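Residues per chain, in single letters:
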Amino acid sequence: MEHHDVLVIGAGAAGMMCAIEAGKRGRSVLVVDHAKAPGEKIRISGGGRCNFTNLGATHLNFLSANPKFCVSALRRYRPRDFIALVERHGVAYHEKTLGQLFCDGSARQIVDLLLAEMRAAGVQLRLETRVEGVTKTEGGFEVALSSGKVACASLVVASGGKSIPKMGATGLGYDIARQFGLGVVDTRPALVPLTFEPATLARLSPLSGIGLDAVVSHGKTKFREGMLFTHRGLSGPSILQISSYWREGDEIRVDMAPGVDALAALKAARTATPRQAVATVLSTLLPRRVAQLIADEDAPDKGNIADCSDKVLGRLAGAVNAWTVKPAGSEGYRTAEVTLGGVDTDALDSRTLEAKAVAGLYFIGEVVDVTGWLGGYNFQWAWASGWSAGQSV
Ligand code: FAD
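Residues numbered from 1 in each chain as written. Predicted model: local features only at pLDDT ≥ 70, side-chain atom pairs only at ≥ 80, totals over all residues. Heavy atoms only, no water.

Visitor: Would you take a moment to explain the sheet that holds strand β5 (residues 93-95) for this structure?
Guide: Backbone hydrogen bonds are what pair the strands of a sheet, in a parallel or an antiparallel way. Taken together, 3 strands build an open sheet; the order of strands is β3-β6-β5 and the sheet is antiparallel. Taken across any chain shown, the strands that pair with only one partner, and hence form the sheet edges, are β3 (51-54) and β5. Recorded for the sheet is a direction-independent mean angle of 25° between the axes of neighbouring strands. Pairing of β5 with strand β6 (residues 100-103), which is carried by 3 bridges, proceeds in the antiparallel orientation. The residue bridging E95 from the neighbouring strand is L101, located in β6. Along the sheet, helix α4 (residues 79-88) contacts β3, β5 and β6; its crossing angle with β3, the most-contacted strand, is approximately 140°. (Pairing = 2+ DSSP bridges. Helix = DSSP H or I, 4+ residues; strand = E, 2+ residues; numbered from the N terminus. Axes fitted to C-alpha atoms, helices over the stretch in contact; angles between N-to-C directions. Contact = heavy atoms within 4.5 Å.)

What follows is the structure, encoded as structure tokens:
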């Protein structure tokens, strides 16, 4: 039987980082993946430019049943450590916004960088290889692969979440966790566009394709970023962010003119330009089609702004600064960037990501119940958790 010190399941961001670190420590490492190519999600990430980290990443940018679990790994491997790696490989990058770092060129540069590091560390990579079963042995694990059986002292599960099944996402990691008695926190699509039921969709259909700056809130959680009306509902960064907090039946609130007191602006316009049409006044605050829809719905019988009572202006301002809407659902794993939930952090050592009850078994990256905001946080978690496990395997 083939023997390795470390077998990593999943040649994604976390698995490759772990393999590099273990290889550098002199471990013999095999990485297996059922996909045809490694790092496919890296390749398509950040619109093809890979938002590979966020300068401000702390545990406050993550969702998890234990919000402090990710602190240790995030402190052990920081954004500046990955930036140093990127710079060592001569990959040019820039900060787009809000601390988000992207490649100037292509996300493929990040995949190539990781593959070069793996080669230098003597890591073996085997693609198009299925995992058929895992058994615990005295010295570690025996893993049945489609290429044959492999014995290893440490088994690292880096098989990611369920998002984008078309790209090879599976629930294998959760199955392995359950097999060894580890808990799995319920999973759901996150960083995902939200959808409306048909009646709302019909009402808002004239807005499809319009983007604007917005503050989107769910309870006390709010994000100010772009929002996009789509032919299914709402998308854009602010909506993807809030989708990780939203649950079926909940409303979200949207301020479509952040920083502007719409009521004060409307009252001022009523005095200054009383003969302007309501939609025209609103269009100083909002894209024209949005302004028209609000005027049609909230002041249907008012021609000019002068015709609007304080009550009507209050209604119009509410639609601008505090539009409340109940999404019907989300686009699901088909388009979700990440999976919320996953392997219960209670079962893992936060410093090494090793299962507390199963020596030698590690879970890293998205398969764990640690989910980042949009903005490079998810890769930072993949690097940090992979690096931390790589020091221990
Ligand atoms: P993955 O990268 O998903 O890797 C898991 C690997 O395991 C895959 O190669 C898969 O083929 C393999 N695997 C799965 N099941 C099996 C099995 N049964 N047998 C063998 N192999 C298996 N995050 C950011 O921080 N910045 C971004 O710019 C960004 N953009 C994104 C864009 C899109 C469209 C998507 C979908 C996600 C994006 N993310 C981004 C999220 C980020 O890609 C993930 O959080 C990250 O890839 C998780 O890394 P991972 O190594 O845990 O899992």
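Resuming the write-up.
Visitor: Which parts of the structure should I look at to understand the UniProt feature "domain: RsdA/BaiN/AoA(So)-like Rossmann fold-like" (unreviewed entry) in the protein chain?
Guide: Using the residue numbers shown here, the UniProt feature "domain: RsdA/BaiN/AoA(So)-like Rossmann fold-like" (unreviewed entry) corresponds to residues 4-391. Helix makes up 31% of residues 4-391 and strand makes up 25%, while its end C-alpha atoms are separated by 16 Å. (UniProt positions renumbered as here; feature names shortened; annotations may be inferred.)

Visitor: Help me understand the packing of aromatic side chains in this model?
Guide: Within a pair of aromatic rings, the relevant descriptors are the distance that separates the centres and the angle that separates the planes. Scanning all chains against the criterion turns up 12 aromatic pairs. When the ring of F62 is compared with that of Y377, the centres are 6.2 Å apart and the planes differ by 85°; the resulting orientation is edge-to-face. Highlighted residues: F62 in strand β4 (residues 62-63) and Y377 in helix α13 (residues 377-390), separated in sequence by 315 residues. This pair shows no difference in class: F62 is buried, exactly as Y377 is. Ring plane angle 40° and centroid distance 6.0 Å describe the contact between F223 and Y245, whose orientation is recorded as tilted. Separated by 22 residues along the polypeptide, F223 in strand β14 (residues 221-229) and Y245 in the loop between α8 (237-243) and β16 (252-255) bring together distant segments of the chain. An aromatic cluster is defined as three or more aromatic residues linked by ring pairs; in this entry it consists of F52, F82, Y93, F379 and W383. Above the plane of the ring of F102 lies K96, whose end atom (NZ or CZ) is 4.8 Å from the centre. (Phe/Tyr/Trp six-rings, centres within 6.5 Å; stacked < 30°, edge-to-face > 60°. Buried < 20%, exposed > 50% of the residue type's maximum accessible area, 1.4 Å probe, protein only. Lys NZ or Arg CZ within 6 Å of the ring centre and 35° of its normal.)

Visitor: In this structure, what is going on with the sheet that holds strand β17 (residues 323-325)? I would like to understand it.
Guide: Read across the sheet, 7 strands follow the order β17-β16-β13-β14-β15-β12-β18 without closing on themselves; strand pairing throughout is antiparallel. The sheet is open, and its two edges are formed by β17 and β18 (329-330), each paired on a single side. Two strands pair when backbone bridges link them, and β14 and strand β15 (residues 233-235) are joined in this way by 2 bridges, in the antiparallel orientation. Looking at β15, one finds that F229 is bridged to L234. Strands β16 and β17 of the sheet are contacted by helix α12 (residues 310-321), whose axis makes an angle of about 100° with β16.

Visitor: What exactly am I supposed to notice about the state of the cysteines here?
Guide: In a disulfide, the sulfur atoms of two cysteines are held together by a covalent bond. Here the structure, examined in full by the defined rule, presents 0 disulfides. Here C18 is not cross-linked by a disulfide; its sulfur's nearest cysteine counterpart is in C152, at 12 Å. Of all cysteine sulfurs in the structure, the one in C50 sits closest to C103, which takes part in no disulfide; the separation is 5.4 Å. Here C103 falls in the buried class, since its relative accessible area comes to 0%. (Disulfide = S-S within 2.5 Å.)

Visitor: Looking at this structure, I do not really get helix α5 (residues 108-120). What am I missing?
Guide: Helical geometry: 3.6 residues make up each α-helical turn, so side chains three or four residues apart lie on a common side. Along its 13 residues, α5 runs 18 Å from first to last C-alpha, staying within 8% of the 18 Å computed at 1.5 Å per residue. Taken together, the buried positions of α5 are I110, V111, L113, L114, L115, E117 and M118. Once α5 finishes, G122 follows within two positions and takes phi at roughly 75°, a positive value. (Expected span 1.5 Å × (residues − 1).)

Visitor: Just checking my understanding: could you explain the environment of A306 for this structure?
Guide: Mapped onto the elements of the fold, A306 is located in the loop between α11 (288-298) and α12. Overall, the relative accessible area of 42% leaves A306 in the partly exposed class. Here the alpha-carbon distance between A306 and Q276, two residues 30 residues apart in the chain, equals 7.9 Å. The contact partners of A306, leaving out residues within four places of it in the chain, are R270 and P274.

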